[in-house]
Amino acid sequence: MTMIHDKVQNTGSALAISGVSKVFNKGNDNEVVALSDVNLDVHTGEFISLIGPSGCGKSTLLRVIGDLTGFDSGTVQVSGKTPEDARKERLYGIAFQQAALFDWRSVSKNIELPLELAGWDKSARETRSAELLDMVQLSDFGTHRPWELSGGMQQRVAIARSLAVDPPLLLMDEPFGALDEMTRERMQNELLRIRLETGKTIVFVTHSIPEAVYLSDRVVVMSPRPGRITAEISVNLGDRTEITRESDNFFHSVTAVREALRLHDTSGSGVSSHRGEI
Amino acid sequence: MSSTRDRISKGTLSLLWVFAGIALIAIMWELTKVLGTLIDLPFNTSDQAMPHIWTMFAAFPLPEVRGSDTTVFEAVLAATTSSLMLALGGFVIGVTVGLLLAVVMQRFLFFERGLLPFVIASQTVPLIALAPLIVGIGNQISFGPIQWSTTYSVMFIAAYLAFFPLSIGALRGLQAPTPTSLELMRSYAATNNKVLWKLRFPASIPYLVPALKVSAAASVVGTVVAEISTGVRGGIGRLMVEYARETTSQPAKVYVAVFGAIALGLVVAAAIAAVDALMTRNFPKKGIV
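Residues numbered from 1 in each chain as written. Chains lettered and ligands numbered in written order. Predicted model: local features only at pLDDT ≥ 70, side-chain atom pairs only at ≥ 80, totals over all residues.

Asks: Would you mind showing me how to read the sheet that holds strand β1 (residues 13-24) of chain A here?
Replies: Two modes of strand pairing occur in sheets, parallel and antiparallel, and in both the strands are linked by backbone hydrogen bonds. Residue and element names in this part refer to chain A. The strand order across the open sheet built from three strands is β2-β1-β4, with neighbouring strands paired in antiparallel fashion. Edge positions in the sheet fall to β2 (32-43) and β4 (73-78), since each has one partner strand and no second. Taking the axes of each pair of neighbouring strands and ignoring which way they run, one obtains an average angle of 15° across the sheet. Examined bridge by bridge, β1 and β4 share five bridges and lie antiparallel to one another. Residue S21 lies in a different strand from β4, and its bridge partner there is S73. (Pairing = 2+ DSSP bridges. Helix = DSSP H or I, 4+ residues; strand = E, 2+ residues; numbered from the N terminus. Axes fitted to C-alpha atoms, helices over the stretch in contact; angles between N-to-C directions.)

Written as structure tokens, this is what we have:
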């Protein structure tokens, strides 16, 4: 499979985050600075990963972008709009670690849910869900129930659902975190293919260094207490192929990310200790 | 599909168990009578107190009272149908009220805090004490030409018992969606009403079905008890009391009324089982809750 990253045009600002801070339990004894002075710009069509140990605020940052949680200071612009307006105008799609498919709906109807809420009519919804099922290679499973599918297949449905209204931005919170390693690598290739076909801007939260490096144009390294961005590492792997993961270039990028993580690691054990990843 | 066949054979099997259970009770009944002739039991096992099963069935076609055209069976059937209608009415009212309460309590924390203790307290009032009170108050109510009748009181009491399990079950069900599902709906800019219809209600079904079962049983019990304690005529509750007074002349008669009450329970249970199968057909067969 050939991945031509250079074909994705890096023009315009998809996401502009400037001086964002967020504090949980403000004023209490258990006050936690989840985000401290976070600055991040993401170009249209760019794939960035947020990586860091638990508590570094990467999921919080994703939720701030999606207006699933508020923030205390700074500015966030999603396609030039406030997160709230962007959410209300359905300018992003989101996928979580749990596929969170609705048991009582068929696979197709799950994908059609955001379309129903956006007021699409029935025939347009059906056309769109068939199109998306085709994209995630689950055309034969439209009438199945979610619980009849494997974990990887469920996650593909969740990705299809996040793309339903064709939003320019895709937010992904460890979507492959619950999958086994083989499925995970296959899903990574799937995601890169979909990214190439759709040209979406993607913000991807992960615990895994190789995953971040393999998928991203840029890896944003975060550190806890307080949650902040400590490094940004550009990845220039070109087309992802079967040997990409074994190339020196890949290894160098993984090392660079690991060292950036270690530099700010206060616990002394490194990010990999959390999940047993490389 | 095999899952459909599994379900049917499972249904047949559970029906067999029901019949086996009934047969077992009948056998134990007769064995107790035999035992009573051999040793001294602490209770009366004479034909007067415990008629034979076949005597009970033989009482079905007897005239209800001497010279009447109606048989005991017909009278019991009519009374059972009447009670069923009252129970059904109470059930529908109870379910509606229970659902509305659950929706309000889910939507506004204020109401959950404020209402839930009263909802729970409502069930600690003894029904026997409440029934005459409701009848008494009810009899003073009239909406223009429509006069409150005691049957409404019976329905009210059935509803009073039925709303509680439903509102508690429904509240739990409406609160069942995971934070992730709710965030997903938020990301779709779904309104509260859309979240209710597209997520909370469907997600509550696995909780709603057992609550419906309990509510249905409660509405039947409520109807029968209310009929007895208010003395309202026409239902199986009152009929049982009346027939119980005739045990000296026709000891088997009261058991026909008992069969009517059992049939009432079975009809309701079967109806709920059908609703269960219909409502949960789109859910995994196990792994609920």
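So, next bit.
Asks: Any chance you could explain the nonpolar core here in plain terms?
Replies: Generally speaking, nonpolar side chains in soluble globular proteins are found buried as a group. Counting residues in hydrophobic clusters, the biggest one holds 79 residues, and the most contacted among them are I65(A), V157(A), L171(A), V203(A) and V257(A). Aside from chain neighbours lying at most four places away, what touches V257(A) is I51(A), I209(A), A212(A), V213(A), V219(A), V221(A) and I233(A). L84(B), L99(B), A170(B) and V220(B) belong to the second largest nonpolar core, which has 56 residues in total. (Core = buried A, V, L, I, M, F, W, Y, C linked by C-beta atoms within 7 Å. Buried ≥ 20, exposed ≤ 12 C-beta atoms within 10 Å, placed from the backbone. Contact = placed C-beta atoms within 7 Å.)

Asks: Is there a simple way to explain the confidence of the model for chain A in this structure?
Replies: Low pLDDT means the predicted coordinates in that region are not meant to be read closely. All names here are of chain A. When pLDDT is averaged along chain A, the result is 89, and 91% of the positions lie at 70 or above. Counting contacts from residues 1-10, a segment whose pLDDT is below 50, to residues more than four positions away or on other chains yields 20 contacts. Counting interchain partners and residues more than four positions distant, the pLDDT-below-50 stretch residues 268-278 has 19 contacts. (pLDDT = per-residue confidence, 0-100.)

Asks: Even after reading the chapter, I still don't get the domain arrangement of chain A, so can you show me in this structure?
Replies: Accessible area lost when the parts come together is the quantity often used to give the size of an interface. Residues and elements named next belong to chain A. By the assigned domains, chain A splits into domain 1 (11-91 + 168-228 + 259-278) and domain 2 (101-166). The gap between the C-alpha centroids of domain 1 and domain 2 is 25 Å. Tallying the contact residues gives 12 residues for domain 1 and 11 residues for domain 2. Tallying contributions element by element places helix α6 (residues 181-198) first for the side of domain 1 that touches domain 2, with six residues. In terms of residue class, the side of domain 1 that touches domain 2 is built from seven nonpolar, two polar and three charged. (Domains from an automatic or database assignment. Nonpolar A, V, L, I, M, F, W, Y, C, P; charged D, E, K, R; others polar.)

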